[in-house]
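Here's the letter readout for the chains.
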Amino acid sequence: ATQVVLFTTCTADEALSRRTGFPPGTELFYLQRVHDLDGVPRIFNHNYFRRDCMPGLTKEIAQGSIYRYLEQEVHMSIVTSKRRFTVEHITEIDEKYLNLDVNDFNCLAVVASQTYNSDGVQFEYTCSRHRPDYFSFEETATRHSDGA
């Protein structure tokens, strides 16, 4: 289940632009969402979405699947996502929404992603903060010989 704990709008300033990749002046939706599984809050998301790419976004839609809304209602083709994985110290907001005890955990896994549509427009920046006791990362890398 997804719980939207904040749904608001903002405009990217220089600092937000450097962090998210959106040009300064971009009108954004800013959401904070908690994703739980089996009643345990596991991921706390900070989502930024370009307002001009999804003018009809609502809190109700955000409690479900935003990508389903984009693909089925807006008819957006979501093409690629660039992700960065880090480990960071927990914050007060992490403690609050992920029910973390600082005596058990002092850090968590963070996945920052910039996602682009078929027009090459970045429509999303998300910073997902994952409980370390539930986080797992798997990747398959294939090396192609260049013949050299």
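In short, a report on the structure.

About the cut-offs
Residues numbered from 1 in each chain as written. Predicted model: local features only at pLDDT ≥ 70, side-chain atom pairs only at ≥ 80, totals over all residues. Heavy atoms only, no water. Phe/Tyr/Trp six-rings, centres within 6.5 Å; stacked < 30°, edge-to-face > 60°. Helix = DSSP H or I, 4+ residues; strand = E, 2+ residues; numbered from the N terminus. Buried < 20%, exposed > 50% of the residue type's maximum accessible area, 1.4 Å probe, protein only. Lys NZ or Arg CZ within 6 Å of the ring centre and 35° of its normal. Pairing = 2+ DSSP bridges. Axes fitted to C-alpha atoms, helices over the stretch in contact; angles between N-to-C directions.

Things to note about the packing of aromatic side chains
Aromatic ring pairs: the centre-centre distance and the angle between the two ring planes describe each pair.
Part 1: If you walk through the whole model with that rule in mind, you get six aromatic pairs.
Part 2: Note on Phe7 and Phe29: the rings are 5.6 Å apart at their centroids and 45° apart in plane angle, and the pair reads as tilted. A residue pair is termed long-range when its members are at least 10 positions apart, and Phe7 in strand 1 (residues 2-11) and Phe29 in strand 2 (residues 27-37) qualify at 22 residues.
Part 3: With a relative accessible area of 7%, Phe29 lands in the buried category.
Part 4: Through successive ring pairs, a cluster of aromatic residues spans Tyr30, Tyr48 and Tyr125.
Part 5: Of note, Arg42 hangs over the ring of Tyr134, and the distance from its end group to the ring centre comes to 3.7 Å.
Part 6: Its guanidinium or amino end placed over the ring of Phe29, Arg51 lies 5.8 Å from that ring's centre, counting from NZ or CZ.

Focus: the sheet that holds strand 6 (residues 122-130)
Part 1: Strand order in the open sheet formed by six strands is 1-2-3-6-5-4, with antiparallel pairing between adjacent strands. In this open sheet, the two strands that pair with only one neighbour each are strand 1 and strand 4 (78-89). Averaged over all adjacent pairs, the angle separating strand axes in this sheet is 15°, with direction ignored.
Part 2: Both strand 1 and strand 2 contribute to a ladder of nine bridges, which runs antiparallel.

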